[in-house]
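Structural characterization, general
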Amino acid sequence: QVQLVESGGGLVQAGGSLRLSCAASGRTFSSYIMGWFRQAPGKEREFVAAIGWTDNLTSYKDSVKGRFTISRDNAKNTVYLQMNSLTPEDTAVYYCAANRGLVWVPTLSSRYDSWGQGTQVTVSS
C-alpha cells in the first residue's frame, strides 16, 4: 500500500550517532502512525519508537528512551530516528513502518500495514 524507503544506516563506533530517514509515498501520510522496528540476527523483530498524529504523541522502547528521538515532517512525507549514544546492543536492521489504524496502538508490529526494506546499523565496540 504505502511505499517506504529507509536510509541513513551504516557503521559507527560505540557512543556515536546516526540519523535514520524514512521517505513515504501516499497522500495521507499525516494520518499514519509511523514506527521504527529493528531485528538482529537470530532475534525477533522488536519495537523501537513510534510517532502519531501530533509531534508530542510518541512511544519508545525502554532501552532507547533518552537516547533516540523520533520525529516527522509531514510536508516532506518523512519520518526520522535520531540515535545518540549508540551501543553494540543497538546493532540490527532497522525498519520503518506505517500504521493506518485509527487507534493509538504503536508497539504491535501486527498493526502496521507497510514496511520498508530495512537499513543496517552496526555499532562497533
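Look above for the structure.
Because the structure is predicted, anything quoted here is derived from the model rather than measured.

Some remarks on the environment of N56
Of note, N56 is situated in the loop between strand 5 (46-51) and strand 6 (58-60). N56 gets classed as exposed once you look at its relative accessible area, which sits at 69%. For N56 and R72, which are 16 residues apart along the polypeptide, the C-alpha to C-alpha distance reads 11 Å.

Focus: the sheet that holds strand 3 (residues 18-24)
On the basis of which strands lie adjacent, the open sheet formed by four strands has the order 1-3-8-7 and antiparallel pairing. Each end of this open sheet is capped by a strand with a single partner; those strands are strand 1 (4-7) and strand 7 (68-73). Each strand axis lies, on average, 15° off the axis of its neighbour in the sheet, ignoring direction.

Section: the packing of aromatic side chains
This model, assessed by the stated rule, comprises six aromatic pairs. When the ring of F37 is compared with that of Y112, the centres are 5.1 Å apart and the planes differ by 80°; the resulting orientation is edge-to-face. Taken together, the positions of F37 in strand 4 (residues 33-39) and Y112 in the loop between strand 9 (92-99) and strand 10 (114-115) put the pair 75 residues apart, joining distant regions of the chain. For Y112, a relative accessible area of 5% corresponds to the buried category. An aromatic cluster of at least three residues, connected via ring pairs, comprises F37, F47, Y112 and W115. Stacked on the ring of W115, the Lys or Arg R45 has its end atom at 4.1 Å from the ring centre.

A closer look at unusual backbone geometry
Backbone phi values are negative for most residues with the exception of glycine, while trans is the configuration of most peptide bonds. Positive phi values are uncommon outside glycine, yet N77 reaches one of about 50°. Assignment of secondary structure puts N77 in the loop between strand 7 and strand 8 (78-83). Taking the relative accessible area as the measure of exposure, N77 reaches 16% and is therefore buried. At S85, a position not held by glycine, the phi torsion is positive, near 50°. Within the fold, S85 resides in the loop between strand 8 and strand 9.

Notes on the pairing of strand 5
For strand 5, a buried count of five out of six residues is recorded, marking the element as mostly surrounded by other parts of the structure. Bridge analysis of strand 5 against strand 6 gives three bridges, and the strand direction is antiparallel. Looking at the pairing, A50 lines up with S59 of strand 6. The antiparallel hairpin formed by strand 5 and strand 6 contains six residues in its connecting segment.

Structural notes on the side chain of S114
In this structure, S114 sits in strand 10. Residue classification places S114 among the buried positions, given a relative accessible area of 4%. A polar side-chain atom of S114 sits 3.1 Å from the main-chain amide nitrogen of V2. With near-sequence residues (within four places) excluded, S114 lies in contact with Q1, V2, L4, C96, A97 and A98.

Calculation notes
- Residues numbered from 1 in each chain as written.
- Predicted model: local features only at pLDDT ≥ 70, side-chain atom pairs only at ≥ 80, totals over all residues.
- Heavy atoms only, no water.
- Helix = DSSP H or I, 4+ residues; strand = E, 2+ residues; numbered from the N terminus.
- Buried < 20%, exposed > 50% of the residue type's maximum accessible area, 1.4 Å probe, protein only.
- Pairing = 2+ DSSP bridges.
- Axes fitted to C-alpha atoms, helices over the stretch in contact; angles between N-to-C directions.
- Phe/Tyr/Trp six-rings, centres within 6.5 Å; stacked < 30°, edge-to-face > 60°.
- Lys NZ or Arg CZ within 6 Å of the ring centre and 35° of its normal.
- Polar contact = N/O pair within 3.5 Å; in protein donor to acceptor, adjacent residues only side chain to side chain.
- Contact = heavy atoms within 4.5 Å.

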